[in-house]
Amino acid sequence: MSEVVLPDAGTLPELIVPKPKLSERDSAAGKAIRFTMKAPVNLFLILLGLLWLIPTLGLFLTSILPAQAFTVKGWWQIFSKPSLATWSNYSHVLHNHSITHSLWVTLQIAVGNTLIVVIVGALAGYAFAWLDFPGRDWIFLVVIGLLVVPLQMALIPMFKIYNSLSLYDTVLGIILFHVAFGLPFAIFLLRNFFVGIPKDIMESARIDGASEIWIFVRLILPLGLPAIASLAIFQFLWTWNDLIVALTFGQNVQPITVAIFSNLRQFGANIDLIAPASFISLLIPLAVFFAFQRYFVQGLLAGSVK
């Protein structure tokens, strides 16, 4: 039998003596170095963000200033005279029937066309991604080709068609125009996202007897929620901030952009009405963005778990 060699007793204390911990000091030094190296970039980004916020801040401060005070020295005088601030401008705007009606019309157009674009785009995207039908690839190429058609190119032809169909100066007419030009991008975006969903999930559902509608509602929509939320945000913002389409196809039906433009054209000094109306028009899509952002993150986490 081989003998077991035990370590010498004098060496045992050396085996149990802990080594000096240098990792904490190194990590602290590394963090300080990384922070110092990133500081110029962070300062530049903060400065850039502040520069982007200056027009918004100026618009807000203008909206709470009396018209006389703004025309004399500008909105920056509020920093030296905070007592000039007043909320009476917002009270006048909220009691102005033309502005409140324009906000309601804009909300109908933005929400209506966004819902139609999201629903039809999701159904068409699923069909182009996972259903086999004759001419699927050629039809999808036509959809991609429609992305390059300029919106301004269709204003005059659609104006003539709307006159013959009695759709001119109606909320429905403006909604349908935005739907027509929003669907190609929606189909393209959602189809490319749906293609990335693993095919095994749908095949397993079909083996279990699930119909295509069940697969679309219970599988595709939850997994595709990130792309759907992004599409809804973009479509809502594009429609809410639109001026040229509403100006072309609306005369009595005026969204908020047209109402603000009309006041600016007719009453150039009516800043106490234009500024708060513009700021309210800015807040609503911003609130929609933050509301959808939560669902966007939830859908992203749901889609990442396979």
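All values reported here derive from a predicted model rather than from experimental measurement. (Residues numbered from 1 in each chain as written. Predicted model: local features only at pLDDT ≥ 70, side-chain atom pairs only at ≥ 80, totals over all residues. Heavy atoms only, no water.)

## Considering the packing of aromatic side chains
Right, so step 1: The final tally for this structure, using the stated rule, is 13 aromatic pairs.
Right, so step 2: Ring geometry for Phe177 and Phe249: centres 5.0 Å apart, planes at 45°, overall tilted. Residue Phe177 is located in helix 8 (residues 171-195), and its partner Phe249 is located in helix 12 (residues 244-249); the two are separated by 72 residues in the primary sequence. For the residue pair Phe177 and Phe249, the accessibility class agrees, reading buried in each case.
Right, so step 3: Both rings, one in Phe236 and one in Trp240, keep their centres 5.7 Å apart while their planes meet at 20°; by these two values the pair is stacked. Taken together, the positions of Phe236 and Trp240, both in helix 11 (residues 225-240) and 4 residues apart, correspond to about one turn of that helix. (Phe/Tyr/Trp six-rings, centres within 6.5 Å; stacked < 30°, edge-to-face > 60°. Helix = DSSP H or I, 4+ residues; strand = E, 2+ residues; numbered from the N terminus. Buried < 20%, exposed > 50% of the residue type's maximum accessible area, 1.4 Å probe, protein only.)

## Quick look at the packing of helix 8 against helix 11
Right, so step 1: One can describe the packing of helix 8 onto helix 11 by two numbers: an axis separation of 10 Å at closest approach and a directional angle of 160°. On the basis of their axis angle, the class for helix 8 and helix 11 is roughly antiparallel. Two packed elements cross with a definite hand, and for helix 8 against helix 11 that hand is right-handed. Contacts between helix 8 and helix 11 involve His178, Gly182, Phe185, Ala186, Leu189, Leu190 and Phe193 from the former and Pro226, Ala227, Ile228, Leu231, Gln235, Trp238 and Thr239 from the latter.
Right, so step 2: Within the contact of helix 8 with helix 11, the residues separate by chemical class into 10 nonpolar, 4 polar and no charged. (Axes fitted to C-alpha atoms, helices over the stretch in contact; angles between N-to-C directions. Parallel < 35°, antiparallel > 145°, perpendicular 65-115°, else oblique. Left-handed = near helix turned anticlockwise from the far one by under 90°. Contact = heavy atoms within 4.5 Å. Nonpolar A, V, L, I, M, F, W, Y, C, P; charged D, E, K, R; others polar.)

## Section: the confidence of the model for the chain
Right, so step 1: Scored by pLDDT, the chain has a mean of 81; 85% of the residues are at 70 or more.
Right, so step 2: Looking over the chain, one finds the lowest element-wise mean pLDDT in helix 1 (residues 12-16), namely 49, and the highest in helix 5 (residues 97-130), namely 92.
Right, so step 3: Confidence drops under pLDDT 50 across residues 302-306; counting only partners more than four residues distant or on other chains, this segment forms 5 contacts. (pLDDT = per-residue confidence, 0-100.)

## A short note on the side chain of Ser63
Right, so step 1: Tracing the chain through its elements places Ser63 in helix 2 (residues 23-63).
Right, so step 2: Those residues in contact with Ser63 that sit more than four places away from it in its chain are Thr86, Asn89, Tyr90, Ala275 and Pro276.

## What about a nonpolar patch on the surface?
Right, so step 1: On the surface, Val41, Phe44, Leu45, Leu47, Leu48, Leu51, Trp52 and Ile54 cluster together to form a nonpolar patch covering roughly 840 Å² of accessible area.
Right, so step 2: When you line up the elements, Ile54 lands in helix 2.
Right, so step 3: Looking at Ile54, the relative accessible area reads 41%, which means it is partly exposed. (Patch = residues over 30% accessible without salt bridge, like charges linked within 9 Å, V, L, I, M, F, W, Y side chains within 5 Å. Areas by Shrake-Rupley, 256 points an atom, 1.4 Å probe, with all protein chains shown as cover. Salt bridge = Lys/Arg side-chain N within 4 Å of Asp/Glu carboxyl O.)

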